[in-house]
Amino acid sequence: QVQLVESGGGLVQPGGSLRLSCAASGSISSIGSMAWYRQVPGKEREFVARITSDRTTAYADTVKDRFTISRDDAKSTVDLQMNSLKPDDTAVYYCYIRTGLTSYWGQGTQVTVSS
């Protein structure tokens, strides 16, 4: 069983920064892609950023040049550095990892951008 625990969410003013972290634990043989998604009430969960095992990254157009995803395979963690935050970034952020043919989701952490 694999568990993902996110941390780092909270309330921040527009233009501010937050760093989200996700730690994976349990029976993990090797982690492939790691990613972050987000969801607001009434809307579908949307892709934010992804990093593969060879450190190739991809970002949604809405966060490109503002967010940076990174991973530490020794610690089984994936982080999301979020800068220049906007009210539209307000959402519950979910961590996602893929190991082989199985994928796992975290429980989500709330990010609120408001003055």
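Here, every reference points to the structure presented above.
Now for a look at the structure at hand.

Remarks on the overall build of the protein chain
And step 1. Helix and strand counts for the protein chain stand at 0 helices and 11 strands.
And step 2. Reading the protein chain from its N end, one meets helices and strands in the order β-β-β-β-β-β-β-β-β-β-β.
And step 3. When its C-alpha atoms are laid out on the principal axes, the protein chain stretches across 45 × 25 × 25 Å.
And step 4. Here the protein chain holds 115 residues, and 37% of them are scored as buried.
And step 5. If you take every contact in the protein chain between residues at least 6 apart in sequence, the share linking residues at least 24 apart comes to 53%.
And step 6. Carbon and sulfur atoms form 46% of the exposed surface of the protein chain, whose accessible area is close to 6,200 Å².
And step 7. Here the protein chain contributes 12 positive and 11 negative side-chain charges, whose respective centroids are spaced 1 Å apart.

Examining the pairing of strand E11 (residues 109–113)
And step 1. Going residue by residue along E11, you find Thr109, Val111 and Val113 tucked away on one face and Gln110 and Thr112 left uncovered on the opposite face.
And step 2. Bridging between strand E2 (residues 10–12) and E11 involves 3 bridges; their strand directions are parallel. The residue bridging Gly10 from the neighbouring strand is Val111, located in E11.

A short note on unusual backbone geometry
And step 1. Of note in the backbone geometry, Asp65 takes a positive phi value of approximately 75 degrees without being a glycine.
And step 2. Looking at where Asp65 falls in the secondary structure, it is placed in the loop between strand E6 (57–59) and strand E7 (67–72).
And step 3. The exposed category is assigned to Asp65, whose relative accessible area is 79%.
And step 4. Phi is positive for Ser84, close to 50 degrees, though the residue is something other than glycine.
And step 5. On the secondary structure map, Ser84 appears in the loop between strand E8 (77–82) and strand E9 (91–99).

A short note on the nonpolar core
And step 1. Counting 27 residues, the largest nonpolar core has Trp36, Leu80, Met82 and Tyr93 as the members making the most contacts within it.
And step 2. Of all the elements in the fold, those that place two or more residues in this core are strand E1 (2–7), strand E3 (18–26), strand E4 (34–39), strand E5 (46–51), E7, E8, E9 and E11.
And step 3. When residues no more than four places from it in sequence are discounted, the contact partners of Tyr93 are Glu6, Leu20, Trp36, Tyr37, Arg38, Val48, Phe67, Leu80, Met82, Gly108, Thr109 and Val111.

What about the side chain of Thr99?
And step 1. Mapped onto the elements, Thr99 comes out in strand E9.
And step 2. The residues contacting Thr99, other than those within four sequence positions of it, are Ile28, Ser30, Ile31, Gly32 and Tyr104.

Some remarks on the pattern of salt bridges
And step 1. Applying the stated criterion to the full structure yields 7 salt bridges.
And step 2. The salt bridge partner of Arg38 is Glu46, with a shortest N-O separation of 2.6 Å.
And step 3. Residue classification places Arg38 among the buried positions, given a relative accessible area of 5%.
And step 4. Residue Asp61 pairs with Lys64 through a salt bridge whose shortest N-O separation is 3.2 Å.
And step 5. Using a relative accessible area of 65% as the deciding quantity, one classes Asp61 as exposed.

Calculation notes
- Residues numbered from 1 in each chain as written.
- Predicted model: local features only at pLDDT ≥ 70, side-chain atom pairs only at ≥ 80, totals over all residues.
- Heavy atoms only, no water.
- Helix = DSSP H or I, 4+ residues; strand = E, 2+ residues; numbered from the N terminus.
- Buried < 20%, exposed > 50% of the residue type's maximum accessible area, 1.4 Å probe, protein only.
- Contact = heavy atoms within 4.5 Å.
- Areas by Shrake-Rupley, 256 points an atom, 1.4 Å probe, with all protein chains shown as cover.
- Lys, Arg positive; Asp, Glu negative; His and termini not counted.
- Charge placed at Lys NZ, Arg CZ, Asp CG, Glu CD.
- Pairing = 2+ DSSP bridges.
- Core = buried A, V, L, I, M, F, W, Y, C linked by side-chain atoms within 4.5 Å.
- Salt bridge = Lys/Arg side-chain N within 4 Å of Asp/Glu carboxyl O.

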